[in-house]
Amino acid sequence: MAWLFGVGLVAFIVTAYLVARRQADPLPAALVTGLGFLGAAGSLSPRPQIVSFVLLLVFVGAWLQSAQDLRPRWWLIPMTWVWASSHGMWYLGVAIGILSVIGIVLDRRLAIRRVGRLFLVPALSLVAAAVTPPGPTLLLAVVQTGDKWEFVTEWAPPNFLSLTPAASMLMVALVALIWARRGTRLSWHHLLLLLLATAMVLMSGRTVAAGAAILIPLLAMTLQQVLYDRPPHRLVPQETQSLWAASALAVATLALLVPRTSAVAGSVPNDLNNELASLPQGSALLNDYALGGWLHWRHPDLDTVIDGFTDGYTVEAIEEYISAVGAGPGWDEYVDETGARYALLQEESPLAYALTQQLSWVEVGEDEGYVLLRHPSR
């Protein structure tokens, strides 16, 4: 997993550079790639969403090319199937397609009566998403899970005092200010993409990276106009070969180093692994939310009460868990309902205190600020 995450980071950087390079010479393309990576870094984690950010770059680059030559990129349709099968942000690829077609029409690049072929790409992409293993219900998944966003930190509004949201907002500001100062006629296509990217940056911490990905080619073409005021030079074989060689070296280095650096998870109670492994198979464990994923990976035989995959829980279940962890009204009833006879919680949490002081649960061990407790009857 750790090695694949490294490969994902390399894929993001290489794709970002190639997309930017189509719009700018090597220097501005490299600068924008670095700034874009910084803007997206907050969400580039070892989860399927990294696929979304890589493919988002691919889709934006493809539609910018279609806006130039007016040719539909039919391969985006099966690519949407792959994207929709991998992660839930696939709808952004369809949105970019629709906005691109609208922009091309508003730019009077193509008459409305001739726009059908281009519009078929996002339309058939929706069909492709509907025939993924989850079926047509996938088309409504974003709406159906929206009621749980309030419980997920990364869906909270971004903090622009933090580095990655600030970097993405800087990209928005640079594009907007340079366009305004140059005073040239704006492309509707580019403007619609900028509005979408800005909305993503402002929407939540998680979508900041999506905004940064959309902004990479826009900022690259903008800096190209400012620095050189001419079309970018074409990619030469030497540049392409150097890029792939550097990528292969990075991936090979990761293959050598990562197994040594990822054998033990960080910021989790590893010293309690023996105690957790000794619990009866299938034991219900009243766990801290942050440890759910680690417990699924390291101790799959335990039955955790919650994990980070909030889509699998009802709003009521999440609210009950949050109340219980805070030792709110009815916390003891919640503990009984889970059937848990063991708990792995933050040492200073109200629930850990309540279990030990009011219900006489016994401490088994502690590590990394977490405490393992057991019911007094065990």
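Being a predicted model, the structure only gives us computed values, none of them experimental.

A. Looking closely at the overall build of the protein chain. If you tally the helices and strands in the protein chain, you get 16 helices and five strands. Looking at the protein chain as a whole, 46% of its 378 residues qualify as buried. Considering only residue pairs separated by 6 or more positions, the protein chain has 70% of its internal contacts joining residues 24 or more positions apart. Working note: accessible area of the protein chain is about 18900 Å², and carbon and sulfur atoms make up 61% of it. Charge-centre separation for the protein chain: the mean point of 22 positive side chains lies 26 Å from the mean point of 28 negative side chains.

B. The sheet that holds strand S3 (residues 342-346), seen in detail. Spatial strand order, S2-S1-S3-S5-S4: five strands in an open sheet with mixed pairing. The strands lining the two open edges of the sheet, one partner per strand, are strand S2 (303-304) and strand S4 (362-367). Each of strand S1 (284-287), S3 and strand S5 (370-374) is contacted by helix H16 (residues 350-358), which is oriented at about 135° to S3, the strand it contacts most.

C. Region of the structure containing unusual backbone geometry. For Ala 327, which is not glycine, the phi dihedral falls at a positive 55°. Of note, Ala 327 is situated in the loop between helix H14 (315-325) and helix H15 (331-338). Overall, the relative accessible area of 28% leaves Ala 327 in the partly exposed class. In this model, Ser 360 sits at a positive phi of 60°, which is unusual for a non-glycine residue. Examined against the element boundaries, Ser 360 turns out to sit in the loop between H16 and S4.

D. Expanded view of the pairing of S4. Pairing of S4 with S5 involves five bridges; the strand directions are antiparallel. In the strand pairing of S5, Asp 367 is matched with Tyr 370. Following S4, the chain reverses through two residues before pairing antiparallel with S5; Glu 368 in that reversal takes a positive phi of roughly 55°.

E. View of the layout of surface pockets. By volume, the second largest pocket is sized at about 380 Å³. Within the residue set of the lining of the second largest pocket, elements represented by two or more residues are helix H3 (49-69), helix H5 (91-106), helix H9 (188-203) and helix H10 (208-227). For the lining of the second largest pocket, the class distribution of residues is six nonpolar, eight polar and five charged.

F. Structural detail: the pattern of salt bridges. Evaluation of the coordinates by the stated rule reveals five salt bridges. With a closest N to O distance of 2.8 Å, Arg 21 and Glu 239 form a salt bridge. Placement of the pair is Arg 21 in helix H1 (residues 2-21) and Glu 239 in helix H11 (residues 237-261), with a sequence separation of 218 residues. Each member of the pair, Arg 21 together with Glu 239, is buried. A salt bridge links Arg 71 to Asp 69, with the shortest nitrogen-to-oxygen separation between them at 3.9 Å. Connected via shared salt-bridge partners are Asp 69, Arg 71 and Arg 73.

G. Fine view of the side chain of Thr 33. With respect to the helices, strands and loops of the structure, Thr 33 is situated in helix H2 (residues 26-40). Judged by its relative accessible area of 7%, Thr 33 is buried. Setting aside residues no more than four positions away along its own chain, Thr 33 makes contact with Ile 13, Ala 16, Tyr 17 and Ala 20.

What counts as what
- Residues numbered from 1 in each chain as written.
- Predicted model: local features only at pLDDT ≥ 70, side-chain atom pairs only at ≥ 80, totals over all residues.
- Heavy atoms only, no water.
- Helix = DSSP H or I, 4+ residues; strand = E, 2+ residues; numbered from the N terminus.
- Buried < 20%, exposed > 50% of the residue type's maximum accessible area, 1.4 Å probe, protein only.
- Contact = heavy atoms within 4.5 Å.
- Areas by Shrake-Rupley, 256 points an atom, 1.4 Å probe, with all protein chains shown as cover.
- Lys, Arg positive; Asp, Glu negative; His and termini not counted.
- Charge placed at Lys NZ, Arg CZ, Asp CG, Glu CD.
- Pairing = 2+ DSSP bridges.
- Axes fitted to C-alpha atoms, helices over the stretch in contact; angles between N-to-C directions.
- 1 Å grid on protein atoms, 1.4 Å probe; cavity = no way out; pocket = protein on both sides within 12 Å on 5 of 7 lines; lining within 4 Å.
- Points joined across faces, edges and corners; volume = space filled by probe spheres on them.
- Nonpolar A, V, L, I, M, F, W, Y, C, P; charged D, E, K, R; others polar.
- Salt bridge = Lys/Arg side-chain N within 4 Å of Asp/Glu carboxyl O.

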